Amino acid sequence: MTLVRGPAMTGPGRRRGALALLAFAMLIVSLDQYIVVVALPDIRRDLGFSAQTLQAVVTAYAVASSGFLLLGGRAADLLGRRRVLVTGLALYAASALAGGLARSPEVLLSARAVQGLGGALVFPTTLALVNVTFPEGRARNRALGVWGGAGAAGLVLGVLLGGVLTRAFGWPAVFLVNAPLAAAALVLALPLLPADARRAEGRSFDLLGALSATGGSTLLVFALVKGPESGWTKPVVLGPALSGLVLLAALVVIERRAADPLVPPGLLRRNVVVAVGLAAMFAATFGSVLYFLSIYFQDVRGYDSLRTGLAFLVPTAVVVTGSTVAGQVVTRFGLRRTLVAALVVGAAGAAALGLAMTGDSSYAALLPGLVAISIGDGVVFTAMFIAAATGVSDREQGIASGLASTGSGIGAALGLAVLVLVAQHGIRAAVLTVAAGIVLTMLVAGALRPAPAEPRSPILVRGC
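Predicted model, so just to flag it, every value in this text is computed and none were measured.

**Q** What is the right way to look at the overall build of the protein chain in this model?
**A** Along the backbone of the protein chain there are 17 helices and two strands. Computed over its C-alpha atoms, the radius of gyration of the protein chain comes to 21 Å, within 12% of the 23 Å expected for a compact globule of 464 residues. Once the C-alpha set of the protein chain is aligned to its principal axes, its extents read approximately 70 × 45 × 40 Å. Across the 464 residues in the protein chain, those meeting the buried criterion constitute 55%. Contacts spanning at least 24 positions in sequence make up 86% of the contacts within the protein chain whose residues lie at least 6 apart. Surface summary for the protein chain: the accessible area is close to 18,500 Å², and the carbon and sulfur share equals 68%. Counting 35 positive and 19 negative side-chain charges, the protein chain places the centres of these two groups 8 Å from one another.

See the structure below:
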């Protein structure tokens, strides 16, 4: 008999195929976060949304996704990563089809919420699968560069594709495009990913902890996205916010008493906690720029949906390149150096972009800032997830991924809530505030330290 390391028992070709699939699945999920933004005016006109309810098309996805990310990551560890990925992709395909065929606001919002749930299963599971398929260090960093490149590209490419599809085929196309993509990924997952192993004895699903975490995160994100629209002192905002905080406080008590807690205490090492903070700050700063750029191009510059999408061609290319090479840069220069350098470039880019965003600026005047902030965006996106996986055992990669992605979801909601208030003084003020936020993120990145890699758990496989 021979000892073989987990998924490494597959050959290089099989691993490359699995990585391509996981990057493709990540691209699909990332696309949907912003693909609807430029289609919102058409959706409002055709389905009868009011100005007050239209933003719910975006927030329904964000709330459901953020609330279930932690649950999705833990489910992947305990119930099987391929199984959870396939379930998430199935939900994604079905809800995309329902969204494209929707003829009422209620149906569309329900479809978006289910899409968010599917994304919450797919996102942390793809990350965990990459981390357990490739050993920590050079191989994993390269693989996360590919995965991160796909994810970062999806965030920016979604705006571009949304504009093109809306102009050519109408708003339903921004939903329908995801149905065949998710279905194709689902079919490919079965031959390309190894079957799930039997669940280890003594491991149980902390249902009470999962419900507290999901309920608390969902209510808190709902309050954050509802606050700028309804007012922070209204019961519809205060009630969910307080309830969410109570549930998250209860989660701490539940976790201390659980035999097999949702978040194992040993997982909360310094680097994992720092990575969660980085993910939150990244989403609050870099992630919010896309929203304000879309508004700037359409409302200030008067671009239509197609021209708005095309304006994102350059940042898309730069983000993809930055994310893809980030793994190799981390291997050569170290995680902390890479992050700090990327944040410096990103902060300078955000400042330059904010100063250039006047009513009569040319697109060329925006390019230096756009390129610099996109470099920082791409590199940080990949590097922060490398940080979340460093020193984490294979059996806990799902929950580590869930923690980092939950931080990202909450950070996105909190950042947008703050920046929408700042934007009352102008979009330039919001983007310059992003630059200041990126500078603060450098302090978080400075807390990272090298973590010793834990040995991967060997799996006994018969053979010779």
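**Q** Is there a simple way to explain the packing of helix α13 (residues 313-333) against helix α15 (residues 363-389) in this structure?
**A** When two helices pack together, their arrangement is given by the angle between the helix axes and the distance between those axes. Between α13 and α15, the least distance of the axes is 7 Å, while the angle of their chain directions is 35°. Of the two elements, α13 crosses α15, and the hand of that crossing is right-handed. Residue composition of the contact of α13 with α15, by class: 15 nonpolar, six polar and one charged.

**Q** Would you mind going over the nonpolar core with me for this structure?
**A** Note that soluble globular proteins tend to have their nonpolar side chains buried in a common cluster. Counting 86 residues, the largest nonpolar core has Trp147 and Phe381 as the members making the most contacts within it. Ranked by residues supplied to this core, first place goes to helix α11 (residues 270-300) with 13 residues. Residues contacting tryptophan 147, with those up to four places away along its chain left out, are Leu22, Ala23, Met26, Phe123, Thr126, Leu127, Val130, Phe381 and Phe385. Counting residues in each nonpolar core, the second largest holds 17 residues, with Leu47, Val58, Ala102 and Leu165 among its members.

**Q** Before we go on, may I ask you to explain the environment of phenylalanine 49 in this structure?
**A** Structurally, the position occupied by phenylalanine 49 is in the loop between α2 (40-47) and α3 (56-79). Accessibility expressed as a relative area gives 6% for phenylalanine 49, which makes it buried. Considered as a pair, phenylalanine 49 and valine 146 are 97 residues apart in the sequence and their alpha carbons are 38 Å apart. With residues up to four places along the chain from it excluded, the contact list for phenylalanine 49 reads Ile43, Arg44, Leu54, Val57, Pro105, Leu108 and Leu109.

**Q** Even after reading the chapter, I still don't get helix α6 (residues 138-169), so can you show me in this structure?
**A** Given 3.6 residues to a turn, an α-helix orients residues that are three or four positions apart in the same direction. In a regular helix each residue adds 1.5 Å, so 32 residues correspond to 46 Å; α6 covers 43 Å between its end C-alpha atoms and thus fits that length. Along α6, the largest kink reaches about 40° and is centred on leucine 157.

**Q** Teacher, can you tell me more about the packing of helix α1 (residues 12-34) against α6 here?
**A** At their nearest, the axes of α1 and α6 sit 7 Å apart, and the two run at 30° to each other. If you check the angle between α1 and α6, you find them roughly parallel. Where α1 crosses over α6, the handedness of that crossing is right-handed. In contact with Leu19, Leu22, Ala23, Met26, Leu27, Ser30, Leu31, Gln33 and Tyr34 of α1, α6 contributes Ala143, Val146, Trp147, Ala150, Gly151, Ala153, Gly154, Leu155, Leu157, Gly158, Val159 and Leu161. Considering only residue class, the contact of α1 with α6 consists of 16 nonpolar, five polar and no charged.

**Q** Just checking my understanding: could you explain the packing of aromatic side chains for this structure?
**A** The geometry of an aromatic ring pair comes down to the distance between the two centres and the angle between the two planes. Scanning the entire structure with this criterion turns up 13 aromatic pairs. Here the aromatic rings of phenylalanine 297 and tyrosine 303 are separated by 5.3 Å at their centres, their planes lie at 0°, and the arrangement is stacked. Residue class for tyrosine 303 comes out buried when judged on its relative accessible area of 7%. Members of the aromatic cluster, joined through ring pairs, are Phe123, Trp147, Phe282, Phe286, Phe381 and Phe385.

**Q** What's the story with α13 in this structure? I'm lost.
**A** Here α13 spans 29 Å end to end across 21 residues, near enough to the 30 Å set by a 1.5 Å rise per residue. The largest bend along α13 measures about 40° and falls at alanine 326. All of the buried residues along α13 are Pro315, Thr316, Val318, Val319, Gly322, Ser323, Ala326, Gly327 and Val330. Packed against the buried residues of α13 are α6, α14 (335-356) and α15.

**Q** It is not clear to me how the environment of glycine 411 should be interpreted in this structure. Could you clarify?
**A** One can find glycine 411 in helix α16 (residues 397-422). Each C-alpha atom of the pair glycine 411 and alanine 283 lies 5.4 Å from the other, and the pair is 128 residues apart in sequence. With residues up to four places along the chain from it excluded, the contact list for glycine 411 reads Ala280, Ala283 and Ala284.

**Q** For this particular structure, what's the right way to read a nonpolar patch on the surface?
**A** Taken together, the side chains of Leu97, Leu101 and Leu176 make up a nonpolar region of the molecular surface, amounting to roughly 260 Å² of accessible area. Along the chain, leucine 101 falls in helix α4 (residues 81-101).

What counts and what doesn't
- Residues numbered from 1 in each chain as written.
- Predicted model: local features only at pLDDT ≥ 70, side-chain atom pairs only at ≥ 80, totals over all residues.
- Heavy atoms only, no water.
- Helix = DSSP H or I, 4+ residues; strand = E, 2+ residues; numbered from the N terminus.
- Rg over C-alpha atoms; globule rule 2.2 N^0.38 Å.
- Buried < 20%, exposed > 50% of the residue type's maximum accessible area, 1.4 Å probe, protein only.
- Contact = heavy atoms within 4.5 Å.
- Areas by Shrake-Rupley, 256 points an atom, 1.4 Å probe, with all protein chains shown as cover.
- Lys, Arg positive; Asp, Glu negative; His and termini not counted.
- Charge placed at Lys NZ, Arg CZ, Asp CG, Glu CD.
- Axes fitted to C-alpha atoms, helices over the stretch in contact; angles between N-to-C directions.
- Left-handed = near helix turned anticlockwise from the far one by under 90°.
- Nonpolar A, V, L, I, M, F, W, Y, C, P; charged D, E, K, R; others polar.
- Core = buried A, V, L, I, M, F, W, Y, C linked by side-chain atoms within 4.5 Å.
- Expected span 1.5 Å × (residues − 1).
- Bend = angle between axes of the 7 residues up to and from the residue.
- Parallel < 35°, antiparallel > 145°, perpendicular 65-115°, else oblique.
- Phe/Tyr/Trp six-rings, centres within 6.5 Å; stacked < 30°, edge-to-face > 60°.
- Patch = residues over 30% accessible without salt bridge, like charges linked within 9 Å, V, L, I, M, F, W, Y side chains within 5 Å.
- Salt bridge = Lys/Arg side-chain N within 4 Å of Asp/Glu carboxyl O.

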